[in-house]
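Residue-level listing of the chains:
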Amino acid sequence: MDRVTPVSDEQAISARLDALAGRYGLPADAAPRLRKLLDLVQQSHHSLTAVREPSAGVEVHVADSLAGLDLEPVRAAGLIADLGSGAGFPGLVLAIARPEAQVVLVESVGKKAGFLEEAAEQLQLRNVEVVSGRAEGWDAGRDRCDVVTARALARLDILLEYAAPLLRVDGALVAWKGKRDKGEETAAWKAGKILGMEAPVPTTVPGPDGSERHLYLSRKLRVTPAGCPRRAGRAAKRPLGGSSRT
């Protein structure tokens, strides 16, 4: 896999965004909106992400988020819930890319949820809703979502427990991950059997720094069992997949 280096100037950033918009067939206003999102992240006084410079963020955040469109469920979803949205990646990027879809950004950290609300307003994204709270407490989302996304949030078996109650049957979790971890995959398989989710299947996508990057797809096969979601924090403290390392 070729190493991708940060673009170095304003013209190069715009050219890269235009190229991404062309590759994914994005709306005409997508590239300038994505550029503005990068600016909002850079200008924020909050500690949203370690990568704030647009020259790096265009790859680390935007290109990485758009890779989700390589998967058919993300391209077709009518309702997407992005868990642990943070600075809006992939949630705000997907909302820009797919204006016909409703995108709910679920974020438990108040300052980050506030940033997401402000960013959605600045970007004039009428298809975005921000939920300030944990996924386990979002009762209005239960059994409704076509796709649940998560990027750098938790290991796969924990993500399955967060996502399963929110997904409709045949909906899908899409999780952004780095290198494959057999222990994590085994734990996810165990949790999936309990939760009525299929074992997550990885798809390799280009990473921003030349390292391996994977999108894991897991479909909901049947109704989520009673008792799920467990109370807030339980999934991370006592994961259904056991004690395999992250």
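Residues numbered from 1 in each chain as written. Predicted model: local features only at pLDDT ≥ 70, side-chain atom pairs only at ≥ 80, totals over all residues. Heavy atoms only, no water.

A. Main features of unusual backbone geometry. A cis geometry characterises the amide bond from Phe89 onward to Pro90, with omega recorded as 10°. Along the polypeptide, Pro90 turns up in the loop between strand S1 (79–83) and helix H5 (91–97). With an omega of 5°, the peptide bond between Cys228 and Pro229 qualifies as cis. Summarising the element assignment, Pro229 is placed in the loop between strand S7 (212–219) and helix H9 (234–237). Notably, Gln124 is not glycine yet its phi reads approximately 55°, a positive angle. Locating Gln124 in the fold gives a position in the loop between helix H6 (110–122) and strand S3 (128–132). A positive phi is found at Asp143, a non-glycine position, where the angle reads about 60°. Of note, Asp143 is situated in the loop between S3 and strand S4 (145–151). (Helix = DSSP H or I, 4+ residues; strand = E, 2+ residues; numbered from the N terminus.)

B. Representation of the nonpolar core. The biggest cluster of nonpolar side chains holds 50 residues, and the ones touching the most others in it are Leu26, Leu37, Leu66, Leu69, Leu92 and Val128. Ranked by the residues each element gives to this core, the list is headed by helix H2 (residues 30–43), at 7 residues. Every residue in contact with Leu92, bar those within four places of it in the chain, is listed here: Leu37, Ala87, Leu105, Leu116, Ala119, Leu125 and Val128. Counting 30 residues, the second-largest nonpolar core is a separate cluster that includes Val104, Ala163, Leu166 and Leu195. (Core = buried A, V, L, I, M, F, W, Y, C linked by side-chain atoms within 4.5 Å. Buried < 20%, exposed > 50% of the residue type's maximum accessible area, 1.4 Å probe, protein only. Contact = heavy atoms within 4.5 Å.)

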